[in-house]
Structures are given as C-alpha cells and as structure tokens.
Amino acid sequence: MDCLFCKIIDREIPADIVYEDDAVLAFNDINPQAPSHLLIVPKLHIATLNDIEEGDLALVGRLQYTAARLAAEKGFAEAGYRVVMNCNDQGGQTVYHIHMHLMGGRRFTWPAG
Ligand code: 5GP
Ligand code: ZN
C-alpha cells in the first residue's frame, strides 16, 4: 500500500521510533511543532477518523493511552501537553493513515488556529 506511515511501520522508510507494541508505533515528527512532538499510529491502516469502525475502538483508546504514557515517560505529563488528530483537508490532515500528534515541552494556546 502506498502509505507513508505503513512504510514506516514496515521499516521501508526510516523514522526515529520511540515506542512500539503489537498494535501501535510512536516516532518523532520530522517537522516538530514543539520541543517534543511524537506521532502515535495504529499498525492497522485506517485512512481517516471517519473510517474508524466499532471494532477499532480499543485500538483508538490505545493511541490515547500510549500518548499519556509517553508524556509521562518524557516528563511533561504533569506540566501538560496537547494531543491533536486532524481529519481530511480542512482539518489539516496530510498523511492519510490516522495518527495522534503528542506535543509537549511548551505552553499551547487555545483556541488553536
Ligand atoms: P497531519 O498533517 O496529517 O496531521 O500530520 C502529518 C505529520 O507527519 C506532520 O506533522 C509531518 O511533519 C509528519 N511527517 C510527514 N512526513 C514524515 C516523515 O517522513 N517522517 C516523519 N517522522 N514524520 C513525517
Ligand atoms: Zn497506512
């Protein structure tokens, strides 16, 4: 499949991988928007948030659980952090394999632009 994140999962394209288990991979974003900016992806290819099915719910929860655990590991869980999932063009999605951005190490403003 011609999918960048599937290729990273399959080690066809290199990435700075920080966490892996049977269902999830996390790696540093190539264009970080914060001192720490990780992408957490399911190993299962799901193109957009609109494509999540009922059978995927545990997997999606696992993304969030992994984000919180990595935030703790990186040392910014208590200070706070931001998670973002973009969907489709107007949502700012550029890679069509769902992913959670985990950003920490600076203060974020709200509402986001
Ligand atoms: P999106 O815009 O789809 O929510 O997020 C895609 C993210 O993937 C962007 O933050 C972008 O910097 C990151 N990205 C794009 N290409 C690569 C790559 O080849 N390697 C890594 N590690 N991140 C990438
Ligand atoms: Zn994929």
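Everything numeric here is computed off the predicted structure, so don't read it as measured data. (Residues numbered from 1 in each chain as written. Chains lettered and ligands numbered in written order. Predicted model: local features only at pLDDT ≥ 70, side-chain atom pairs only at ≥ 80, totals over all residues. Heavy atoms only, no water.)

Student: Could you give an account of the nonpolar core, with specific residues and numbers?
Tutor: Ranked by internal contacts, the top residues of the largest apolar core, which has 16 residues, are V24, I40, L63, L70 and L102. If you list the elements that add at least two residues to this core, you get β2 (24-28), β3 (36-42), α2 (57-74) and β5 (100-104). If one sorts the elements of this core by residue count, α2 sits on top with five residues. Counting residues in each nonpolar core, the second largest holds ten residues, with C3, C6, F27 and L39 among its members. (Core = buried A, V, L, I, M, F, W, Y, C linked by side-chain atoms within 4.5 Å. Buried < 20%, exposed > 50% of the residue type's maximum accessible area, 1.4 Å probe, protein only. Helix = DSSP H or I, 4+ residues; strand = E, 2+ residues; numbered from the N terminus.)

Student: Can you break down the pairing of strand β1 (residues 17-20) residue by residue, with the values?
Tutor: Bridging between β1 and β2 involves three bridges; their strand directions are antiparallel. Along β2, the bridge assignment pairs Y19 with A26. Linkage of β1 to β2, two consecutive antiparallel strands, is achieved through a turn of three residues. (Pairing = 2+ DSSP bridges.)

Student: Just give me the short version of the coordination of the zinc ion (ligand 2), but keep the residues and values in it.
Tutor: Perfect tetrahedral coordination of a metal by four donors corresponds to 109.5 degrees between them, and perfect octahedral coordination by six donors corresponds to 90 or 180 degrees. Coordination of the zinc ion (ligand 2) by the protein comes from C3 (SG), C6 (SG), H45 (ND1) and H97 (ND1), over a distance range of 2.0 to 2.3 Å. For the zinc ion (ligand 2), the four donor atoms are set out with angles of 107 to 116° between them, so the coordination reads as tetrahedral. Linear spacing of the donor residues for the zinc ion (ligand 2) on their chain is C-x2-C-x38-H-x51-H. With a gap of 91 residues between them, C6 in helix α1 (residues 4-9) and H97 in the loop between α3 (88-91) and β5 connect regions that are remote in the sequence. C6 sits in the buried class, given a relative accessible area of 12%. The class of H97 is buried, set by a relative accessible area of 0%. (Donors = N, O, S within 2.8 Å, 3.2 Å for Na, K, Ca; no water. Tetrahedral: all angles 85-135°; square planar, octahedral: opposite > 155°, others 65-115°.)

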